Amino acid sequence: MQAQEILTKEQAVSLALENNYGVKIAKNAVAVAENNTNILNTGFLPTLTGNAGANYNLDNTEAEFSDGRPDAVLNGAESSNYNASLSLNYTLFDGLGRRYNYKRLKEQYQLSELQARETIETTILQLFSVYYNVAQLSDNLNALEETLNNTKDRLIRAEYQFEYGQSTKLEVLNAEVDINTDSINIINTKQDLKIAKRDLKLVLGDVYSNDFNVETDVEFALQFHKDSLFEKAKSRNVALLQTEKNILISQLDISSGKSAYLPTVGLSGTYGWNKNNNNAVALLAVSTNTGLSAGLNLSWNLFDGGATITRVKNAKINLETQKLQKENILLNIERDFNNAWDNYQNKLKIYNIQEKNIVTAQNNFDRTQEKFKIGQVNSIEFRQAQVNLLNAELSRNQAKFAAKLSELEVLQISGELLNIQF
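Given the structure is predicted, the values throughout are model-derived calculations rather than measurements.

*Asks:* Which residues make up the overall build of the chain, and what values go with them?
*Replies:* Along its length, the chain carries eight helices and six strands. Helices and strands in the chain line up, N terminus first, as β-α-α-β-β-α-α-β-α-α-β-β-α-α. Principal axes of the C-alpha set define a box for the chain whose edges measure 150 × 55 × 30 Å. Looking at the chain as a whole, 37% of its 422 residues are labelled buried. A separation of at least 24 residues holds for 80% of the contacts in the chain among residues at least 6 apart in sequence. Put simply, the chain shows about 24,800 Å² of open surface, and 51% of that area lies on carbon and sulfur atoms. The chain carries 42 positive and 50 negative side-chain charges, and their two centres are separated by 5 Å.

Encoded structure:
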């Protein structure tokens, strides 16, 4: 038999960060924001424009000269004009609007990084939710198969006992019914496991074509005390950091809006070439001009109908809104952190209790099995001990992975999810 590949937690995280479509989209958004912070998008560089043109005229002309020459009549007179120029424009001062816009673009880039981080954290939580579901179903399947093997041994024993007259046919029938029940549970669990693996492949970007297994062991890595972890939550929570960036952006929006109150000063320069081919009645048959021109211009929008005033007022209101959102997020963080912490502590206690319950259930099953072999207990009592052990194992498996997911939620709220070793 060919052993199935083991997909480790580290491999799963690496594959998800590389191939998950949500993460890819978030990284593209960061790349766009980074491009926007380039000096080519800030307005600090001059603009250079090239122009060229050609005109052709065919006219009928009647000319009367003031110097006494006889009048002239010219039909089908041809003339043409050709021109080319390069124009350079540079804004020296625009009320500091470019400066604030450039700062805003840099803050927007950092905000996009935080948004990508939030997507990554959400993807990791989604990944482990599915990953641990596969792990739990794998452990459950092992427990169910072990139960089925014990039931098959019981059936063989019951058949021998019936054959030698030591028990009735009822013992054989009960064992066969229990085998059918255990087999159905295995079939359903295998189907659930296939579905869970498909869900995991989807989170990974569907890069696995062959079947695989996952790691089923977990380590609880939360080493922080509650108070220190809560302080981290108030300074590293990704939603809070995004709000703080939005506050900075709103402050820059106010400054950028106020820049419209100031004048704009710019430089302009043009180098041009112009050639005219005139018709016969013109004083000059051909004229060609080349030259360089430069100028300094000032523009001051003294009143734009109140658009700038309205824009600044709205920016101030938006700043106040962002500050209110920050206060609201801080309250939500405190509530969510306390809920997540208590949930983690409770599930960790439940898991520890379930671990002890496994020991008790295993001892009970082992003793019942020994007594069953020597005929001191019947098949019903043996089956009850078997079911109790199975239920204890299934409950332990659920508690184990539920506690681990709760730990990850605490780390995500505190901003430490991406700083741990998976």
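*Asks:* Tell me about the packing of helix 6 (residues 238-258) against helix 7 (residues 307-373), residues and numbers included.
*Replies:* The geometry of helix 6 relative to helix 7 is characterised by a closest axis approach of 9 Å and an angle of 165 degrees between their N-to-C directions. One finds that helix 6 runs roughly antiparallel with respect to helix 7. Considering how the two elements wind past one another, helix 6 and helix 7 form a crossing that is left-handed. Its residues assigned to classes, the contact of helix 6 with helix 7 shows 10 nonpolar, nine polar and seven charged.

*Asks:* How would you sum up unusual backbone geometry? Please name residues and give values.
*Replies:* At L96, a position not held by glycine, the phi torsion is positive, near 70 degrees. Examined against the element boundaries, L96 turns out to sit in the loop between strand 3 (72-93) and helix 3 (97-163). The class of L96 is partly exposed, set by a relative accessible area of 35%.

*Asks:* Explain the UniProt feature "coiled-coil region" (unreviewed entry) in the chain to me, using residue names and the numbers behind them.
*Replies:* Here the UniProt feature "coiled-coil region" (unreviewed entry) sits at residues 102-161. Summarising residues 102-161: 100% helix, 0% strand, and an end-to-end C-alpha distance of 88 Å.

*Asks:* Before we move on, can you summarise the side chain of R98 with the specific residues and values?
*Replies:* For R98, the position within the fold is in helix 3. The class for R98 is buried, based on a relative accessible area of 11%. Of the polar contacts made by the side chain of R98, one reaches the backbone oxygen of T91; its length is 2.9 Å. Every residue in contact with R98, bar those within four places of it in the chain, is listed here: T42, G43, F44, Y90, T91, L92 and F93.

*Asks:* I'd like to hear about the sheet that holds strand 3, residue by residue, with values.
*Replies:* Strand order in this open sheet of four strands is 2-3-5-6, and the pairing throughout is antiparallel. Each having just a single partner strand, strand 2 (47-63) and strand 6 (286-299) make up the two edges of the open sheet. Averaged over neighbouring strand pairs, the angle between their axes works out to 15 degrees when direction is ignored. Bridge analysis of strand 3 against strand 5 (residues 264-277) gives 13 bridges, and the strand direction is antiparallel. Within strand 5, the position partnered with S87 by the bridge is T270.

*Asks:* Hey, could you go over the packing of aromatic side chains for me, with residue numbers and the actual values?
*Replies:* Here the structure, examined in full by the defined rule, presents 11 aromatic pairs. Arranged with centres 6.2 Å apart and planes meeting at 25 degrees, the rings of F337 and W341 form a pair that is stacked. Here F337 pairs with W341, and both are found in helix 7, just four residues apart, close to one helical turn. Assessed through its relative accessible area of 12%, W341 is described here as buried. Three or more aromatic residues joined by ring pairs make a cluster, and in this case those are F128, Y131, Y132 and F401. The ring centre of F162 lies 5.3 Å from the NZ or CZ of K169, which sits over that ring. The residue whose ring lies beneath K197 is F212, and the NZ or CZ to ring-centre distance is 5.5 Å.

Conventions we followed
Residues numbered from 1 in each chain as written. Predicted model: local features only at pLDDT ≥ 70, side-chain atom pairs only at ≥ 80, totals over all residues. Heavy atoms only, no water. Helix = DSSP H or I, 4+ residues; strand = E, 2+ residues; numbered from the N terminus. Buried < 20%, exposed > 50% of the residue type's maximum accessible area, 1.4 Å probe, protein only. Contact = heavy atoms within 4.5 Å. Areas by Shrake-Rupley, 256 points an atom, 1.4 Å probe, with all protein chains shown as cover. Lys, Arg positive; Asp, Glu negative; His and termini not counted. Charge placed at Lys NZ, Arg CZ, Asp CG, Glu CD. Axes fitted to C-alpha atoms, helices over the stretch in contact; angles between N-to-C directions. Parallel < 35°, antiparallel > 145°, perpendicular 65-115°, else oblique. Left-handed = near helix turned anticlockwise from the far one by under 90°. Nonpolar A, V, L, I, M, F, W, Y, C, P; charged D, E, K, R; others polar. UniProt positions renumbered as here; feature names shortened; annotations may be inferred. Polar contact = N/O pair within 3.5 Å; in protein donor to acceptor, adjacent residues only side chain to side chain. Pairing = 2+ DSSP bridges. Phe/Tyr/Trp six-rings, centres within 6.5 Å; stacked < 30°, edge-to-face > 60°. Lys NZ or Arg CZ within 6 Å of the ring centre and 35° of its normal.

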